[in-house]
Each structure stands twice: as C-alpha cells, then as structure tokens.
Amino acid sequence: MTALAGLSRAAAAIGDLVLPRVCAACDHSIGLSERDLCAACAAELTAVIDVPYCRHCGESRGPHLLHDARCTRCATGLTKGRFHSFVRVGSYAGPLKALILRFKRSFTVDHFLGSLLAKAIQGAMSPATIDCWTPIPSHWTRKWQLGYQPTALLARSAVAHFGGVVEPLLVMRKEVRPFHERSGISAAQRAKEIDGVMVIGRGSRIAGRHICIVDDVMTTGATLREAAKTLKSAGAASVSAAVLARAGRGEPVVLNASAGVDRQERNA
C-alpha cells in the first residue's frame, strides 16, 4: 500500500467515525471495502439489471423472444411509438427502485445513477451517434418546489462519462402531476393527460439531429412517446430513449417459447 493510499484509507476511516457510511439503497452501514451499496443490495441490483429487453420499446423479454434485440411486435412493426434505440439500466424493483425514489427526493445519488445509465448506454449504442441528449422536462413550478430538475441532473451525470451535449429542447406548457405519485391511472388516461403538453423550447435546434431523451422511469411510456412525437414533428432525424428503469408490465411472461410469442405480446 502506498503512503497516499494509506492516508486516503485513514481519512475515510476517520470520516466514518463522524458520518458513518451507509448503503445508498437501504441505509445500512457499509465497510471501507464496499463502495455505494452493501453486499446484499449490490447482489440484488445485479439481478434487476440482468434482464433482457427489447432495444426499441424497452419491454422485458426472455432472450429466446428477442429477434436481433427486438421483441416480436417491434420486429413486425406493430409497436406504436417505438424508438430508434432504447436503453435502460434495469427493472423498477429492489435496490434500483429504492435508489430512484431517493433520487426523486434529493440529489445525493445522481453520480451513482448517472454512472449506471452511462454504462448501459455504452453497452447498447455508440454515444457518438447522438447529437444531443435532452431530459424529459419538468414544469417550472415543479422545479421551483424541488430546487432542481432530476432528469436534467441525471442526463448531465450520465453524459459526463463519455462526453456529449445536453440541451433542454423540450418545455412543459402546463404542470402534470407525476404519474408515479398517483395510482390507478390507466395507460389511456396517462396518454390523454400528457397529450400536447410539451413544446420545443425557444431557439432549440431540432431539424436533422439525432436526439436521445433521458428519463428516470418508464411505466406506460406515454411521457416518452409524447416527447418523441414532439421532437419528430419538429424534424428530428431520429429519437432514442435512455432510462434508468422500466416499470409496469415489462416483466417477461412466457406463453409459448417455441413459437417465440409471450402473453404480453399476444395481448398487447
């Protein structure tokens, strides 16, 4: 161990006596050998991340139900609102869900979540093919209440790992209460409520650009689809999406593996 490493370890130990280090997901104490998560949460996080999904709509699918990284509906052109490419870290469950909920309340885990999203992006696409990364917007009243915009913070934290341009291309015309704060809202109701609420920000360049939308959680996809529709209507060359987690009906339920169709795709 070098003298510098020894001093750093000693400083960390002294810091833990004053402000003990805790797991970012469960708040249990963690040792010097552990980084942001305790061993149990790190193992659970791996489980929710290691889930195959369609790279065009984000739905979870068993690996045998993906065709060139596309689900059956996307491969046959049946999916509405599919993206040029779709990247996600994992399923909205376990430690990932706990981390995202904490992130929505404060900005203490933005660097950790940003690094997770950056790794997912780099593993699924070439970031250099994206001209601009744009966060899902928050209404100004929401930003005023929180003191920051979570999706903008997430986008900047992720893009910092590989370079790129983050621009707030979209503006929310009116406040829409976050869907994750309300239960019992159908996909149709979400789509109706979000329809037409986003506009292109003044002075934003859209035409001919390859744009990737950044969000924290996708549930029904209504918000992401509305953002994509707005960008495409303004002339975007392509629109991709990158999110931390996919919630809702995204878990694979195999109906007939040999036929390559699952219950979700048959009933969608």
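The shown structure was predicted, so the numbers you read here are calculated from the model rather than taken from an experiment.

What counts as what
Residues numbered from 1 in each chain as written. Predicted model: local features only at pLDDT ≥ 70, side-chain atom pairs only at ≥ 80, totals over all residues. Heavy atoms only, no water. Buried < 20%, exposed > 50% of the residue type's maximum accessible area, 1.4 Å probe, protein only. Helix = DSSP H or I, 4+ residues; strand = E, 2+ residues; numbered from the N terminus. Pairing = 2+ DSSP bridges. Right-handed = clockwise from strand over helix to strand, strands pointing away. Phe/Tyr/Trp six-rings, centres within 6.5 Å; stacked < 30°, edge-to-face > 60°. Axes fitted to C-alpha atoms, helices over the stretch in contact; angles between N-to-C directions. Contact = heavy atoms within 4.5 Å. Core = buried A, V, L, I, M, F, W, Y, C linked by side-chain atoms within 4.5 Å. Left-handed = near helix turned anticlockwise from the far one by under 90°. Nonpolar A, V, L, I, M, F, W, Y, C, P; charged D, E, K, R; others polar. Arc of directions from axis to C-beta.

Novice: An account of the pairing of strand S6 (residues 238-246) is requested, with residue identities and associated values reported.
Specialist: Most of S6 sits out of view: 9 of its 9 residues are buried. In terms of strand pairing, strand S1 (residues 86-91) meets S6 through 5 bridges, oriented parallel. Residue pairing in the sheet places Phe86 in a bridge with Ala241 of S6. In this view, the connection linking strand S5 (residues 210-218) to its parallel neighbour S6 by way of helix H9 (residues 222-233) has right-handed handedness.

Novice: So what about the packing of aromatic side chains? Which residues, and what values?
Specialist: Applying the stated criterion across every chain, the model contains 2 aromatic pairs. Aromatic pair Trp133 and Phe162: ring centres 5.4 Å apart, planes at 50°, arrangement tilted. Here Trp133 is found in strand S2 (residues 132-135), whereas its partner Phe162 is found in the loop between helix H7 (150-159) and strand S3 (170-172), with 29 residues between them in sequence. Overall, Trp133 belongs to the buried group, its relative accessible area being 1%.

Novice: Let's hear about the pairing of S5: which residues, and what values?
Specialist: Working note: regular strand, side chains alternate between the two faces of the sheet. Among the 9 residues of S5, 8 are classified as buried, and the element is accordingly described as predominantly covered. Pairing of S2 with S5, which is carried by 4 bridges, proceeds in the parallel orientation. Each residue of the ladder has a partner; that of Cys132, found in S5, is Ile211. Relative to S6, S5 runs parallel, the two being bridged by 8 bridges. Bridged to Ile213 within S6 is Ala241.

Novice: Kindly report on the sheet that holds S1, identifying the contributing residues and their values.
Specialist: In space, the 4 strands of this open sheet follow the order S1-S6-S5-S2, with parallel pairing throughout. Bordering the open sheet on either side are S1 and S2, each of which pairs with just one other strand. Strand after strand, the sheet turns through a mean of 20° between neighbouring axes, direction not considered. The strands that helix H4 (residues 94-105) touches are S1, S5 and S6; relative to S6, the one it contacts most, it runs at about 105°.

Novice: Outline the nonpolar core, supporting the account with residue identities and numerical values.
Specialist: In this structure, Leu37, Leu96, Leu113, Leu117, Ile213, Leu224 and Leu231 are the most contacted members of the largest nonpolar core, which totals 63 residues. With residues up to four places along the chain from it excluded, the contact list for Leu96 reads Leu45, Val48, Val89, Gly90, Ser91, Leu113, Leu116, Leu244 and Ala245. Counting residues in hydrophobic clusters, the runner-up holds 5 residues, among them Cys54, Cys57, Leu66 and Cys71.

Novice: Got a sec to walk through unusual backbone geometry? Specific residues and values, please.
Specialist: With a phi angle near 55°, Asp68 is a residue other than glycine that sits in the positive phi range. With respect to the helices, strands and loops of the structure, Asp68 is situated in the loop between helix H2 (39-49) and helix H3 (72-75). With phi around 65°, Ala69 is a residue other than glycine that occupies positive phi space. Looking at the secondary structure, you find Ala69 in the loop between H2 and H3. Judged by relative accessible area, which is 32%, Ala69 ranks as partly exposed.

Novice: Describe the packing of helix H8 (residues 187-194) against H9, and please don't skip the residues or the numbers.
Specialist: When two helices pack together, their arrangement is captured by the angle between the axes and the distance separating the axes. Their axes nearest at 9 Å, the elements H8 and H9 cross at an angle of 35°. H8 and H9 meet at a crossing whose hand is right-handed. In this structure, H8 uses Arg190, Ala191 and Ile194 to contact H9, whose residues at the interface are Ala222, Thr223 and Glu226. Considering only residue class, the contact of H8 with H9 consists of 3 nonpolar, 1 polar and 2 charged.

Novice: Could you give an account of H2, naming the residues involved and the relevant values?
Specialist: For an α-helix the count is 3.6 residues per turn, leaving residues at separations of three or four pointing the same way. For H2, the set of buried residues is Cys41, Leu45 and Val48. End-on view of H2: buried residues confined to an arc of 65°, all on one side of the axis. Turned more than 90 degrees away from the buried face of H2 sit Ala39, Ala43 and Ala47, all of them exposed. Of the surrounding secondary structure, the elements contacted by the buried residues of H2 are S1, H4 and helix H5 (110-124).

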